[in-house]
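Read off the chains here:
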Amino acid sequence: MATHPMPPGSWSDIEINPLLSEDTFQNEHSRGLFDAIDRLRSCGASQDIALPELVIVGDQSAGKSSLLQSLTDIPFPVASNVCTRFPTRIISRRTPGRRETTTVSIEPSPSDSDHKIEAWESGRARYNMFDAFKRSFSTMTKADFIKVIDDAAEAMGIGESTGNEANTTSQAQREEINFSDNILKVEISGPDRSHFSILDVPGIFHSLTRRLTKKDKEGVDKMVKGYMKSKQSIIICVANGMNDLGPQAIFEMVDNLNNDGWRTRERTVGVITKCDATQRVEHVIETVENIEKPLCHGWFVVRNRTPSEVDQGVGPLERFQKERDFFNESRWNSIPEERRGTQALKKYLAELLCTRIEQEFPTFLKAIQTNRDCTASSLQDLGVGRRTIEQKRAYLTRIAHDFNSLATQGLRGRYDGLTGNDMKLRMKIRDANDRFVQEMNTDGHYLPFLEQIASENTRKTPQFFPSSGFGGSAGPDSNNTSIFATYQPPNGGIGFGGHGVFPRPDKAQSSSSTPEKTSSLFGNPILGTSFGTVSSADQPKKAQPLFPTSNGASNNRLDSGIFGRKSPLGTNDHSGETAVLSSSTKSPLPPFGKNITFNEPTYIYDWIRNEIKASRGTELQGTMNPDVLPILFHKQARKWRSISESHFENVTILTFKVVCDVLKSECKDPHTSAIIESLIEKANKHSRDRFLALLSQRMDDVLSRHLQTNNPAFEQKVTEARKKRFHAALERYKKAKNLLVTPANQGWPPNVNSSTSPADENQLVIDMRDTGLLFAELHMSNSQNLEDEIHDTLKAYYEITKDDFVEYVNQLIVEPYLNDTEGPVLFFSPVYVASLKDEDIEVLAAEDEKTVLKRKTLGETLARLNQAEAIVREYDG
């Protein structure tokens, strides 16, 4: 980049072309790119996409104004604070003709649209003033430029007070506006101008004064950082050569931004001013060597006109000669020539800007199209302007149609038009119903039925008696065969939730030769009586306590129900042992030979006995007061109310949330959306209360009515329970007598050929000499049979009623609520909109001023982006 010495007669070229000595944008390709950037900036595209530009930054009094005057030949007021109160963009372009013109205008700050809307709401007159602010000059003098700056500051409100002056007691309590982020745009055009653009921002400062407050400092810092963060900005960092570079605020800002990932050093050119006034020559030379403060594009040194030279009217030619002579002196001439002087800096900046434009131009089309599509979508969401009642009704009808369509899709489980899972109402309802069913099954009862616990655990850890048609559990020790049996109904018979289990509560040990050791019969632990004693020689002994306490009394409550893994009620874990249920008062019991400690018993049989005892009247011993079953059932089902109401409340909450999500996706106007949402919320409450009352009435009926059912499954369940107990009794008898038919078993019956006939585990041989044992297993006391009958009957009725109730809640409460035309899902529809009066439409579809302004802004942005796209396509390639 060597700057060749210029012949004496060539200065006129510099004078008529003060921006660049060697115009980088003179070839057709680069000039076309610059023209495209210039046109994009002129149409306002810089508000939407970042355009390459030179940004000059520095501390206050760093010499930025003098440097700008040298670079642009615009008479910036030197040593004046006014010109640094807002950004100034200088654009130079070559135009045909013989006249040169300068145009000055105000460009609104490139803030986001919401910020601009708020600004318009608070100062719309000022923005109108921006549109009207325009100054034109054929030759702009220093006095002209100072007057323009003063007028622009007034238009931007600089010097005015903020806050409500009516509520302010003194002028000192009001804050003046000292800075603005609106841009003063200076456009210079003429036949001898070069293509060039640069942006000057206010200088950052350390010290605060009465007029320069902390708020001012924070605002300026934010403004400067905003321009420096733009990846399209080429940063010209101006440093005062009279001071040490380290403490200067601008370099601290560069370092901080670079550490934050903005890579500012890669886009920064350093410029040291006031070299003619510095006493730190060696320090400046070391800096230019790019060692102390290394920058990607290095450092330049310049000598600007001094204030006295400005007052003396020193022109461009004399300034250039003074700068060249100064840097040709000893010590300064050690700096490479391409790094010395304003002319070298001009050339480097022009080439850097041209290169950046060439690199970034291909990406503009995609950025513009993305921004345009987003803007068009936002504008479409707001809908067309609606001033008349017809426009407002049409607007609401469209929203209602789209909302109703999506809500219905979500309800019907047709998800093609839905985005994400938040709007899939049917999926969420199915999940809620499943959780309701699960909670009813696991926690809907007052006390668990014993088979429920047992069947749950036998499903998880099932073990069956080998070769047993009834699935009896013998435990790991074959010598300690249990008389307890689990029964698996043959041929797919109906059972209770899997494998029914029916244990006996005592141990019966007998053989055909020792009748004394046969089974024991049962006494009622509550009534203290013994039943079923047989007076023959083969009769079993009197019932003995199976689990004696320390004082010899029988252990009355052993209704654990689990001999597998730990049950929900806290029994111990005995892996590999199948749970069994008793048909007596002490049920279930563990296999013989096992010592089991109960942490917490179950209370189903205890509860049944207590209710029988509490309800005793004039009925015969062993019979039941008919009021017992309703009492037991109503208490067993009393948790249904809270569970079902909680389930329905959850359905209403998730339904309302889904509906609101659908509404927000179709209605982008926050005012209208909020009103519609409040209407839907009110409809949701009315529908919820109506169906909740129906649910409560149904629950009242369940807890007060007689126990009646025509469901054939009821008798089937009770019959199956009895059948299981019968087969369990036979199994216990078979095990107690060891009557399994095998070929080696005495060869009996005579028609069995032991050499050819295999064992049949489903055959049972009755020992007529020991019918007492069989009778004891089949016929218990009336009290014991009564408890079992109540347990099985209650369980059968509870299960079918519970299933009916679950079906009622899901099908006759939840579904009608979801499909209620006055409910939250289907309430807001075109039919509803058509029924509204004009005054209701006015309220519902009214637009606030912010929405009107936002629509206007989006429309202007869309037009601007369409124009920008046309410009880029024109120059593309």
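Being a predicted model, the structure only gives us computed values, none of them experimental. (Residues numbered from 1 in each chain as written. Predicted model: local features only at pLDDT ≥ 70, side-chain atom pairs only at ≥ 80, totals over all residues. Heavy atoms only, no water.)

A few points about the overall build of the protein
1) Next: For the protein, the count of helices and strands is 24 helices and 15 strands.
2) Next: The buried share among the 877 residues of the protein stands at 50%.
3) Next: For the protein, the share of sequence-separated contacts (at least 6 apart) that also reach a separation of at least 24 residues comes to 78%. (Helix = DSSP H or I, 4+ residues; strand = E, 2+ residues; numbered from the N terminus. Buried < 20%, exposed > 50% of the residue type's maximum accessible area, 1.4 Å probe, protein only. Contact = heavy atoms within 4.5 Å.)

As for the environment of Phe-828
1) Next: Position of Phe-828 relative to the elements: it lies in the loop between helix H21 (782–818) and helix H22 (830–835).
2) Next: Each C-alpha atom of the pair Phe-828 and Asn-404 lies 6.8 Å from the other, and the pair is 424 residues apart in sequence.

Description of the packing of helix H17 (residues 640–666) against H21
1) Next: Closest axis-to-axis distance for the H17/H21 pair is 11 Å, and the angle between their directions is 25°. When the axes of H17 and H21 are compared, the pair comes out roughly parallel. Here the hand of the crossing between H17 and H21 comes out right-handed. Between H17 and H21, the residues in contact are Trp-640, Ser-644, His-647, Phe-648, Val-651, Thr-652 and Thr-655 and Tyr-798, Thr-801, Lys-802, Phe-805, Val-809, Asn-810, Ile-813, Val-814, Tyr-817 and Leu-818, respectively.
2) Next: Counted by class, the contact of H17 with H21 contains ten nonpolar, six polar and one charged residues. (Axes fitted to C-alpha atoms, helices over the stretch in contact; angles between N-to-C directions. Parallel < 35°, antiparallel > 145°, perpendicular 65-115°, else oblique. Left-handed = near helix turned anticlockwise from the far one by under 90°. Nonpolar A, V, L, I, M, F, W, Y, C, P; charged D, E, K, R; others polar.)

Some remarks on the pattern of salt bridges
1) Next: Per the counting criterion, the structure on display carries 42 salt bridges.
2) Next: Note that Arg-89 is salt-bridged to Glu-53, the shortest N-O span being 3.1 Å. Placement of the pair is Arg-89 in strand E2 (residues 88–94) and Glu-53 in strand E1 (residues 53–58), with a sequence separation of 36 residues. In this structure, Arg-89 and Glu-53 share a single accessibility class: buried.
3) Next: Of the charged contacts, one joins Glu-869 and Arg-873 as a salt bridge, the two residues approaching to 3.1 Å between their closest N and O atoms. One end of the pair, Glu-869, and the other, Arg-873, are both in helix H24 (residues 849–875), four residues apart, so they sit about a helical turn from each other.
4) Next: A relative accessible area of 48% means that Arg-873 is categorised as partly exposed.
5) Next: Connected through shared salt-bridge partners, Arg-41, Glu-53, Arg-89, Glu-107 and Lys-185 make up one network. (Salt bridge = Lys/Arg side-chain N within 4 Å of Asp/Glu carboxyl O.)

So, a negative patch on the surface
1) Next: Taken together, the side chains of Glu-282, Glu-286, Glu-289 and Glu-292 make up a negatively charged region of the molecular surface.
2) Next: Relative to the assigned elements, Glu-292 resides in the loop between helix H8 (281–288) and strand E11 (299–301). (Patch = residues over 30% accessible without salt bridge, like charges linked within 9 Å, V, L, I, M, F, W, Y side chains within 5 Å. Areas by Shrake-Rupley, 256 points an atom, 1.4 Å probe, with all protein chains shown as cover. Lys, Arg positive; Asp, Glu negative; His and termini not counted. Charge placed at Lys NZ, Arg CZ, Asp CG, Glu CD.)

Here's the deal with the side chain of Glu-323
1) Next: Residue position: Glu-323 is located in helix H10 (residues 316–327).
2) Next: If sequence neighbours within four positions are ignored, Glu-323 has contacts with Val-302, Arg-303, Gly-341, Thr-342 and Gln-343.

Details of the nonpolar core
For soluble globular proteins, nonpolar side chains are generally found buried alongside one another.
1) Next: By size, the foremost hydrophobic cluster in this structure holds 75 residues, and its most contacted members are Trp-640, Ile-680 and Phe-828.
2) Next: Top element by residues in this core is H21. It accounts for 15 residues.
3) Next: If we ignore the near neighbours within four places in the chain, the residues touching Trp-640 are Met-440, Gly-444, Phe-633, Met-699, Val-702, Tyr-798, Thr-801, Lys-802 and Phe-805.
4) Next: With 62 residues, the next largest nonpolar core counts Ala-62, Phe-86, Ile-158 and Ile-871 among its residues. (Core = buried A, V, L, I, M, F, W, Y, C linked by side-chain atoms within 4.5 Å.)

Some remarks on unusual backbone geometry
1) Next: Located in the positive-phi region is Asn-290, a residue other than glycine, with phi close to 65°.
2) Next: Relative to the helices and strands, Asn-290 resides in the loop between H8 and E11.
3) Next: Taking the relative accessible area as the measure of exposure, Asn-290 reaches 25% and is therefore partly exposed.
4) Next: Even without glycine at this site, Arg-331 takes up a positive phi of about 75°.
5) Next: Using a relative accessible area of 48% as the deciding quantity, one classes Arg-331 as partly exposed.

Considering the pairing of E1
1) Next: A large share of E1 lies buried, amounting to six of its six residues.
2) Next: By the alternation rule, side chains of E1 split into Glu-53, Val-55 and Val-57 and Leu-54, Ile-56 and Gly-58, which are all buried.
3) Next: Sheet topology note: the E1/strand E9 (residues 233–240) ladder contains six bridges and is parallel. In the strand pairing of E9, Ile-56 is matched with Ile-236.
4) Next: Sheet topology note: the E1/strand E8 (residues 196–200) ladder contains three bridges and is parallel. Bridge assignment links Val-55 to a residue of E8, and that residue is Leu-199. (Pairing = 2+ DSSP bridges.)

Focus on the packing of aromatic side chains
1) Next: Summed over the entire model, instances satisfying the criterion amount to 18 aromatic pairs.
2) Next: Where Phe-327 meets Trp-332, the ring centres are 5.8 Å apart and the plane angle is 85°; that geometry is what we call edge-to-face.
3) Next: For Trp-332, a relative accessible area of 4% gives the class buried.
4) Next: For the ring pair Phe-827 and Tyr-832, a centre distance of 4.6 Å and an interplane angle of 50° mean the geometry is tilted.
5) Next: Clustering of aromatic rings is evident, with ring pairs tying together Phe-449, Phe-633, Trp-640, Phe-714, Tyr-797, Tyr-798 and Phe-805.
6) Next: Seen from the ring of Phe-133, Arg-135 lies directly overhead, with NZ or CZ sitting 4.3 Å from the centre.
7) Next: Positioned over the ring face of Tyr-395 is Arg-386, at 3.6 Å from the centre of the ring. (Phe/Tyr/Trp six-rings, centres within 6.5 Å; stacked < 30°, edge-to-face > 60°. Lys NZ or Arg CZ within 6 Å of the ring centre and 35° of its normal.)

Side note on the confidence of the model for the protein
1) Next: Scored by pLDDT, the protein has a mean of 74; 72% of the residues are at 70 or more.
2) Next: Low confidence marks residues 164–172, where pLDDT is under 50. Its contacts with residues over four positions away, or in another chain, come to five contacts.
3) Next: Taken together, the stretch residues 452–601 has pLDDT below 50 and engages in 355 contacts with residues farther than four places along the chain or on a different chain. (pLDDT = per-residue confidence, 0-100.)

Digging into helix H16 (residues 628–636)
1) Next: Regarding H16, the residues found buried are Val-628, Leu-629, Leu-632, Phe-633, His-634 and Gln-636.
2) Next: Packing partners of the buried residues in H16 comprise helix H15 (604–614), H17, helix H18 (670–702) and H21.

Thoughts on the sheet that holds strand E7 (residues 183–190)
1) Next: Across the sheet, nine strands lie side by side as E4-E3-E7-E2-E8-E1-E9-E10-E11; this open sheet has mixed pairing. The open sheet has two edge strands, strand E4 (134–137) and E11, and neither has a second partner. Geometrically, the sheet is characterised by an average inter-axis angle of 20° between neighbouring strands, direction not taken into account.
2) Next: Taken strand by strand, H8 contacts strand E10 (268–273) and E11, and its axis lies near 140° from that of E11.

Thoughts on helix H20 (residues 771–778)
1) Next: Among the residues of H20, Gly-772, Leu-773, Leu-774, Ala-776 and Glu-777 are the ones counted as buried.
2) Next: Against the buried residues of H20 lie helix H19 (712–737).

Comments concerning the side chain of Gln-636
1) Next: Among the structural elements, Gln-636 can be located in helix H16.
2) Next: A polar side-chain atom of Gln-636 sits 2.6 Å from the main-chain carbonyl oxygen of Leu-447.
3) Next: Filtering out sequence-adjacent residues up to four positions away, Gln-636 remains in contact with Gly-444, His-445, Tyr-446, Leu-447, Phe-449, Trp-607 and Tyr-798. (Polar contact = N/O pair within 3.5 Å; in protein donor to acceptor, adjacent residues only side chain to side chain.)

Overview of the pairing of E2
Within a regular strand, side chains alternate between the sheet's two faces.
1) Next: Within E2, six of the seven residues are buried, leaving the element largely enclosed by the surrounding structure.
2) Next: Inspection of the sheet shows E2 paired to E7 by seven bridges, in the parallel sense. Residue Ile-91 lies in a different strand from E7, and its bridge partner there is Glu-187.
3) Next: As paired strands, E2 and E8 are joined by five bridges and run antiparallel to one another. Looking across to E8, one finds that Arg-89 is bridged to Leu-199.

Description of the packing of helix H13 (residues 425–443) against H17
1) Next: The geometry of H13 relative to H17 is characterised by a closest axis approach of 10 Å and an angle of 165° between their N-to-C directions. As judged from the angle between their axes, H13 and H17 are roughly antiparallel. Judged by the twist between their axes, the crossing of H13 over H17 is right-handed. Taking contact as the criterion, the partners of Leu-425, Lys-428, Ile-429, Ala-432, Asn-433, Arg-435, Phe-436, Glu-439, Met-440 and Asp-443 in H13 are, on H17, Trp-640, Ile-643, Ser-644, His-647, Asn-650, Val-651, Leu-654, Thr-655 and Val-658.
2) Next: Looking at side-chain class alone, the contact of H13 with H17 contains ten nonpolar, five polar and four charged residues.

Quick look at the environment of Gly-241
1) Next: As for its placement among the helices and strands, Gly-241 is situated in the loop between E9 and helix H7 (249–262).
2) Next: Here the alpha-carbon distance between Gly-241 and Val-281, two residues 40 residues apart in the chain, equals 8.3 Å.
3) Next: The residues touching Gly-241, leaving out its near neighbours within four places in the chain, are Ile-272, Thr-273, Thr-278, Arg-280 and Val-284.

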